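# Descriptive structure summary
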Amino acid sequence: MAHVILRDITKRFGSVVAVDKLSLEVARGQCISFLGPSGCGKTTTLRMLAGFEDLDEGEILVGDRVISSSFKNYYLPPEKRDFGMVFQAFAVWPHLSVFDNVAFPLQIRGLSRAEIREKTTKALTYTGLLDARDSYPNELSGGQKQRIALARSISFNPTVMLLDEPLSNLDPKMREVMRFEIKELQKRFNFTIIYVTHDQAEAMALSDRIVVMDFGALIQQDDTPVDVYLKPANKFVFSFIGLSNFLDVEVADGKVFLAGTRPAGPVTAVVPPHAAGKPPTLACRPAEIEMVPTGGVRGVVTRRVLLGDIIDYVVKVGPTEVRVQRNVRKPLFGEGDRCGLVFAALHWYDESGARVSA
Ligand SMILES: Nc1ncnc2c1ncn2[C@@H]1O[C@H](COP(=O)(O)OP(=O)(O)OP(=O)(O)O)[C@@H](O)[C@H]1O
Ligand SMILES: [Mg+2]
């Protein structure tokens, strides 16, 4: 059953259409991530959900209850929406202890002292903050501060959590720890999560569903993380997720070659469907290309950079540069070495950018 429903919501700031007729349904208990470039409208969408922003058009429902409607000019105020919220900046009150920070939403809801103590203690326990309950935020690390924000947002048992880049101010290790903690909290409390990030690894790790957006919050793909990664719906999604090569090809003798490089050998003998004339563009990820000493599409290594566990190569095939990434433990090639490329996974996109199935 749909828990949160967005119907054609639109938000303009002057001439900028920040969110352009966005429609979306999120199931109860689902974790959905909005992933997209800076300025594409993710935060604006979340702010409309939270009730901090009205709508120029459209409506938002939770279950069968309308909480924002441009038609009825009706907006339930943020504090009545009972959404848990964590935003990027550590929004904790410096003059309140950890306990009081977390207790605050319960106090404004007018709960009894006993209830406040019980619920606050529970939220502190699940976020690993119980021992720090009497500390003040400035005595704590960035990760702990963000835990206070998390604890505060779960203390009143919200059914919906809005998280806007909650981990982006943390170092990479802490970010990974917190990712798992958010997932654990969700399992325990079974809230619906709407998560905003431009970190694809974070979106992949947390979400049941990823919505990739372009400017105006225009949905480019709405899918499972695996399908967003393995079957990007269009060129935009392909280039937004992971690293990409986009290569022009030509077809000859029933085989596909990189454009102008027939002597180097074919990429594949499976020709993707195309109208007479221009074949689709070949897209492939650097990690989906093998390098072999003999055979393959022949080229020359022109750059080799060590990136920790992986080596990043540029291989020139005729005039075309292909980026390849291989594990450092595989046989190495040096700059100037000849090698063959074997394309393990091929994706095809037509001139409009739409995916073509081979
Ligand atoms: N209060 C505002 N006044 C004017 N323009 C705004 C306002 N808030 C957002 N915008 C504009 O709306 C568009 C969407 O902004 P938004 O903050 O939603 O993007 P975002 O996807 O969250 O980006 P980021 O990844 O950088 O956080 C941008 O063009 C932004 O400049
Ligand atoms: Mg934002």
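Residues numbered from 1 in each chain as written. Chains lettered and ligands numbered in written order. Predicted model: local features only at pLDDT ≥ 70, side-chain atom pairs only at ≥ 80, totals over all residues. Heavy atoms only, no water.

### So, the sheet that holds strand β15 (residues 281-284)
Formally: Strands pair, by our definition, only if DSSP identifies at least two bridges between them. Each helix corresponds to a stretch of at least 4 residues labelled H or I by DSSP, and each strand to a stretch of at least 2 residues labelled E; elements are numbered beginning at the N terminus.
What the four strands build is an open sheet, ordered β12-β15-β21-β22; its pairing is antiparallel. Each edge of the sheet is formed by a strand with only one pairing partner; in this case those strands are β12 (245-247) and β22 (355-356). In this sheet, β22 lies alongside strand β21 (residues 347-349) in antiparallel orientation, the contact comprising two bridges. The partner of Tyr349 across the bridge, within β22, is Arg355.

### Here's the deal with the side chain of Arg179
This is how it is decided: Throughout, exposure labels follow a simple rule: accessible area from a 1.4 Å probe, protein chains only, divided by the maximum for the residue type, with under 20% read as buried, over 50% as exposed, and the rest as partly exposed. For the charge count, each Lys or Arg is scored as positive and each Asp or Glu as negative, with His and the chain ends excluded. When a carboxyl oxygen of Asp or Glu is within 4 Å of a side-chain nitrogen of Lys or Arg, the pair counts as a salt bridge. Here, two residues are considered to be in contact whenever any of their heavy atoms come within 4.5 Å of each other.
By the secondary structure assignment, Arg179 is in helix α6 (residues 172-189). Although Arg179 lies buried, it forms no salt bridge, and the closest oppositely charged side chain, Asp199, sits 4.3 Å away as judged by the N-O distance. Contacts of Arg179, omitting those with residues within four sequence positions, involve Leu167, Asp199, Ala201, Glu202, Ala205 and Leu206.

### Comments concerning the site of ligand 1
Quick note on the threshold: We call a residue near a molecule or strand as soon as one heavy atom of that residue lies within 4 Å of the molecule or strand. Think of a polar contact as two N or O atoms within 3.5 Å of one another; within protein, one of them needs to be a possible hydrogen donor and the other a possible acceptor, and neighboring residues in sequence only count if both atoms come from side chains. Computed with a 1.4 Å probe, the accessible areas rest on the Shrake-Rupley method; for each residue, only the protein chains presented here act as cover. Ten residues, namely Ala, Val, Leu, Ile, Met, Phe, Trp, Tyr, Cys and Pro, are considered nonpolar, four, namely Asp, Glu, Lys and Arg, are considered charged, and the remaining ones, Gly among them, are considered polar.
As a matter of local geometry, ligand 1 sits amid 13 residues, with Ser38, Gly39, Lys42, Thr43 and Thr44 nearest to it. A distance of 2.5 Å separates an oxygen atom of ligand 1 from a polar atom in the side chain of Ser38. Thr43 is positioned such that a nitrogen or oxygen atom in its side chain is 2.8 Å from an oxygen atom of ligand 1. Relative to its unbound accessible area of 630 Å², ligand 1 is 60% covered by the protein chains. Taken together, the elements giving at least two residues each to the shell around ligand 1 come down to β2 (16-27) and α1 (42-50). Broken down by element, the shell around ligand 1 gets its largest block of residues, three residues, from α1. Of the residues contributing to the shell around ligand 1, the split by class is five nonpolar, six polar and two charged.

### Here we look at the pairing of strand β14 (residues 255-258)
Direction of pairing for strand β13 (residues 249-252) relative to β14: antiparallel, over a ladder of four bridges. Counterpart to Val251 in the pairing with β14 is Val256. Taken together, β13 and the strand that follows it, β14, pair antiparallel across an intervening segment of two residues, in which Asp253 is found at a positive phi of about 50°.

### So, the packing of aromatic side chains
Cut-off, in case you're wondering: Think of it this way: a Phe, Tyr or Trp ring, Trp meaning its six-membered ring, pairs with another when their centres are within 6.5 Å, and the plane angle makes it stacked under 30 degrees, edge-to-face over 60, tilted otherwise. Throughout this description, the term charge over a ring refers to an Arg CZ or Lys NZ atom that lies within 6 Å of the ring centre and within 35 degrees of the ring normal.
Tallied over the entire structure, the rule returns seven aromatic pairs. Consider the rings of Tyr126 and Phe189, whose centres lie 5.5 Å apart with planes at 80°: the pair is edge-to-face. Of the two residues, Tyr126 sits in helix α4 (residues 113-126) while Phe189 sits in helix α6, which places them 63 residues apart along the sequence. Residue classification places Tyr126 among the partly exposed residues on the basis of a relative accessible area of 33%. An aromatic cluster is defined as three or more aromatic residues linked by ring pairs; in this entry it consists of Tyr126, Phe189 and Phe191. Sitting above the plane of the Phe246 ring, Lys235 keeps its charged end 5.1 Å from the centroid. The ring of Tyr229 has Arg285 sitting right over it, with the charged end atom 4.8 Å from the ring centre.

### So, the domain arrangement of the protein chain
Selection criterion: These domain boundaries are the output of an automatic or database domain assignment. Two parts placed together each lose some accessible area under a 1.4 Å probe, and the buried area is that loss summed for both.
The assigned domain composition of the protein chain is domain 1 (2-240) and domain 2 (245-356). Averaged C-alpha coordinates put domain 1 and domain 2 at centres separated by 40 Å. With nine residues of domain 1 at the contact, the number on the domain 2 side is ten residues. With both chains or domains summed, domain 1 and domain 2 bury close to 930 Å², and 61% of this area falls on carbon and sulfur atoms. When the buried surface of domain 1 facing domain 2 is broken down by residue, Tyr229, Lys235 and Phe238 rank first, second and third, together holding 66% of it. At the boundary of domain 1 and domain 2, one finds zero salt bridges. Put simply, domain 1 and domain 2 have six residue pairs in polar contact (both at pLDDT 80 or more) between them. At the level of secondary structure, the elements contributing two or more residues to the side of domain 1 that touches domain 2 comprise α8 (225-230) and α9 (235-240). In terms of residue count, α9 provides more of the side of domain 1 that touches domain 2 than any other element does, three residues in total.

### Thoughts on the pattern of salt bridges
The full count for this structure, using the stated rule, is 18 salt bridges. Close ionic contact of Glu53 with Arg47 constitutes a salt bridge, the shortest N to O distance being 3.0 Å. Of the residues examined, Glu53 reaches a relative accessible area of 18% and is grouped as buried. Several salt bridges share partner residues, and in doing so they unite Arg12, Lys21 and Glu57 into one network.

### Some thoughts on the environment of Met85
Among the structural elements, Met85 can be located in strand β7 (residues 83-87). The sequence separation of Met85 and Ser244 amounts to 159 residues, and the corresponding C-alpha distance is 34 Å. Contacts of Met85, omitting those with residues within four sequence positions, involve Ala50, Phe52, Ala149, Ser153, Met161 and Leu162.

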